[in-house]
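Close look at the chain arrangement
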Amino acid sequence: MEENVLSMKNGRAEIFIKLFSMLIVIGIIAEGIGAKIILLGSVGKVVLLPMLFAMIIAGAITPHALGQIIPALKNICDDREIELAEQIVMYSLLFLGVKLGASAGPNVGKVAEAGPALLLQEFGNLGTMLIGLPIAIALGMKRGAVGATVSICREPTLGLIGEKYGINSPEGLGVMGTYMTGTVFGTIFFGLLGSLAANTSIHPYALAMASGMGSGSMMTAASQSLAASVPGMQDEILAYAATSNIMTSITGLYMVLFVSLPLANKLYAFYTKIFGIKEDSKKEEVK
Amino acid sequence: MVKSMDEIKIFVLCGITAFIAQFVNSRGSMDLGKGFIGILLIIIVSFIAMKIKARIPLKIPAFAWASLLAFIITTPISPIQGFFIDMTKGFGYSAVSTVILGAAGISVGNKLNDIKKLSWKIVLISLVVFTGTFFGSALIAQAVLKAQGII
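Nothing here was measured: the structure is a model prediction, and the numbers come from that model. Starting afresh in each chain, residues are numbered from 1 along the sequence in its written order. Here the convention is simple: chains get letters from A, ligands get numbers from 1, in the order in which they are written. Confidence filtering applies because this is a predicted model: local features only for residues at pLDDT of at least 70, side-chain atom pairs given and counted only at 80 or more, and all residues used for totals across whole chains, interfaces and linings.

**A few points about the overall build of chain B**
Threshold: In DSSP terms, a helix is any run of H or I states spanning at least four residues, a strand is any run of E spanning at least two, and both are numbered starting from the N terminus.
The helix and strand tally for chain B stands at 6 helices and 0 strands. Taken along the three principal axes of its C-alpha coordinates, chain B extends 50 × 50 × 40 Å.

What follows is the structure in structure tokens.
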């Protein structure tokens with residue numbers, strides 16, 4: 001019979017002690033370092049958050065990284081700890097789900113007043129799939145392409161894909177990749193998008209709403225550089241962007257769950273056929 | 001029942017880890033009492049979400065249930081809105097994310113070769129994704145605002 005990963009019985013308590021000791025030490029080091037913001041003159045800034053340090057340290061102590069150089073590490077972190085860690089991701093993601101819901105709840109009124117444009121522009125997330133998905137498949141990412149391009153990949157997507165496919169599945173690695181890139185380079189890239197987009201014929205209000213599709217810091221960067229490029233509209237731009245961001249925080253999760261993910265899976269089947277790529281046997285959903 | 005006990009143990013261990021991370025994050029200025037009740041509330045909602053998922057045969061992940069429950073609890077019509085927000089607001093995204101990504105970092109430890117293969121591609125794809133979402137959303141907003149006669 002297969003060992004029950006979640007059980008602490010049959011001498012498995014040791015695995016829990018090792019894994020959580022590692023997580024606590026990693027947490028202390030990562031939060032101890034704190035957020036590091038690297039300013040790049042007028043271009044913007046690169047943001048390095050504690051969670052990035054946590055992930056790098058955690059990845060480094062695994063058996064196939066530093067574990068190969070320092071064999072003693074394998075006594076602390078080996079395959080059974082890795083197996084448990086995958087489950088722990090799923091459980092701790094629920095905490096994040098609670099936090100996201102609690103950030104959205106108090107703002108429900110603002111969104112009700114916001115009007116149809118703000119609601120409908122949430123479908124803009126599908127824009128990534130039309131262009132992003134085929135490019136990702138063409139680059140050979142296979143199922144990882146679905147995770148990477150299913151949406152702008154902020155926390156709600158990370159949570160959903162992490163639970164549905166497992167965080168170390170191809171889909172999970174894809175979403176992690178876009179999530180991490182967004183976390184580190186999101187501010188700088190959205191800052192650039194905001195000012196470049198001001199040169200198009202799209203109305204600044206529409207661009208302001210588009211600024212709110214990602215994280216709070218992406219929204220701030222995009223809307224401020226947009227406001228700086230379009231004089232005299234600063235208040236309206238910042239208000240539309242902030243409301244759009246709140247809208248995203250409420251609807252984003254359900255958009256991915258009910259619209260983007262099913263559609264991405266359909267499009268994946270379609271594109272792989274067109275490109276004549278042999279489809280990875282679709283990984284069974286974890287639960 | 002056994003599974004529920006296992007799950008509670010795991011939630012508590014995750015909670016302790018997040019609590020310590022939050023304590024370091026706040027550089028010791030955290031309100032420990034509120035923090036304790038806060039993480040307890042977060043654990044309770046997470047656990048209920050797990051149970052709802054197990055009982056309701058829809059393909060909706062526990063993550064979505066957790067978020068929906070917290071959303072309902074914190075809407076202005078909820079009687080415990082104030083209490084719940086007051087207790088949990090001390091818990092930042094950072095501490096929770098540090099735990100998740102620490103565990104994620106370990107769990108992808110046997111996939112490092114796959115990650116190396118992704119590296120530059122994923123950055124490129126991400127930028128395409130951001131651009132696609134931004135302009136996809138902007139074009140829809142443009143069309144709707146125009147239809148409404150606002151612009």
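And the narrative resumes.
**Some remarks on the overall build of chain A**
Stated formally: Note that the radius of gyration is over C-alpha atoms, with the globule rule given as 2.2 Å times the number of residues to the power 0.38. Each residue is classed by its C-beta neighbour count within 10 Å, where at least 20 other C-beta atoms makes it buried, 12 or fewer makes it exposed, and intermediate counts make it partly exposed; the C-beta atoms are placed from backbone geometry.
Across its full length, chain A carries 14 helices and 2 strands. Taken over the C-alpha trace, chain A has a radius of gyration of 21 Å; the compact-globule value for 287 residues is 19 Å, and the two agree within 12%. Counting only C-alpha atoms, chain A reaches 65 × 45 × 35 Å along its principal axes. Here chain A holds 287 residues, and 54% of them are scored as buried.

**What to know about the interface of chain B and chain A**
Basically, it comes down to this: Contact criterion: two residues are in contact if their C-beta atoms, reconstructed from the backbone, are within 7 Å. Charged means Asp, Glu, Lys or Arg here, nonpolar means Ala, Val, Leu, Ile, Met, Phe, Trp, Tyr, Cys or Pro, and polar covers whatever is left, Gly included.
Facing the 85 residues of chain B at the interface are 99 residues of chain A. Those elements that place two or more of their residues in the side of chain B that touches chain A are α1 (2–25), α2 (32–55), α3 (62–73), α4 (81–88), α5 (93–107) and α6 (112–147) of chain B. Sorting elements by how many residues they give to the side of chain B that touches chain A places α6(B) first, with 27 residues. Classifying every residue of the side of chain B that touches chain A gives 56 nonpolar, 23 polar and 6 charged.

**A closer look at α2(B)**
What counts here: Helix span, as expected, comes to 1.5 Å for every residue beyond the first.
Under the 1.5 Å per step criterion, the end-to-end length of α2(B) is 35 Å for 24 residues, consistent within 8% with the ideal 34 Å. Residues of α2(B) that are buried include every one of B:Gly35, B:Gly38, B:Ile39, B:Leu41, B:Ile42, B:Ile43, B:Val45, B:Ser46, B:Phe47, B:Ala49, B:Met50 and B:Lys53, and no others. The secondary structure elements touched by the buried residues of α2(B) are α5 (79–104) of chain A together with α1, α3 and α4 of chain B.

**Quick notes on helix α13 (residues 216–229) of chain A**
Residue and element names in this part refer to chain A. The end-to-end C-alpha distance of α13 is 20 Å, a good match for the 20 Å that 14 residues give at a rise of 1.5 Å each. If you check which residues of α13 are buried, you get Met218, Met219, Thr220, Ala221, Ala222, Ser223, Ser225, Leu226 and Ala227. Those residues of α13 that are buried lie in contact with α11 (170–197), α12 (204–211) and α14 (234–275).

**A word on unusual backbone geometry**
Despite not being glycine, A:Lys142 has its phi angle at roughly 50°, a positive value. Along the chain, A:Lys142 turns up in the loop between α8 (127–138) and α9 (144–149). Classification of A:Lys142 as partly exposed rests on a count of 18 C-beta atoms within 10 Å. One non-glycine residue, B:Arg27, lies in the positive phi region at around 55°. When you line up the elements, B:Arg27 lands in the loop between α1 and α2. What makes B:Arg27 exposed here is the crowd of 10 C-beta atoms within 10 Å.

**Some words on the environment of A:Tyr91**
Tracing the sequence through the fold places A:Tyr91 in helix α5. Separated by 68 residues in the primary sequence, A:Tyr91 and A:Gly159 have C-alpha atoms spaced 9.9 Å apart. Look past the residues within four positions of A:Tyr91 in its chain and what remains in contact with it is B:Ile10, B:Phe11 and B:Cys14.

**Let's talk about the environment of A:Ala198**
Residues and elements named next belong to chain A. Positionally, Ala198 belongs in the loop between α11 and α12. A sequence separation of 29 residues divides Ala198 from Ala227, and the C-alpha atoms of the two residues are 8.9 Å apart. Apart from the residues lying within four places of it in its own chain, the contact partners of Ala198 are Pro204, Leu207, Leu226, Ser229 and Val230.

**Observations regarding the packing of α11(A) against α13(A)**
All names here are of chain A. This is how it is decided: Only the stretch in contact is used when fitting a helix axis, every axis being a line fitted to C-alpha atoms; angles between N-to-C directions are given from 0 to 180 degrees. Roughly parallel means an angle under 35 degrees; roughly antiparallel, over 145; roughly perpendicular, 65 to 115; everything else is oblique. Each helix crossing is assigned a hand: it is left-handed if the near helix lies turned anticlockwise from the far helix by less than a right angle, otherwise right-handed if that turn is clockwise.
It is the contact of α11 with α13, at a shortest axis distance of 7 Å, that shows an interaxial angle of 30°. By the angle between their axes, α11 is roughly parallel relative to α13. Relative to α13, α11 is oriented so that their crossing is right-handed. Seen from α11, the contacting residues are Gly186, Thr187, Phe190, Gly191, Leu193, Gly194, Ser195 and Ala197; seen from α13, they are Ser217, Met218, Ala221, Ala222, Ser223, Ser225, Leu226, Ala228 and Ser229.

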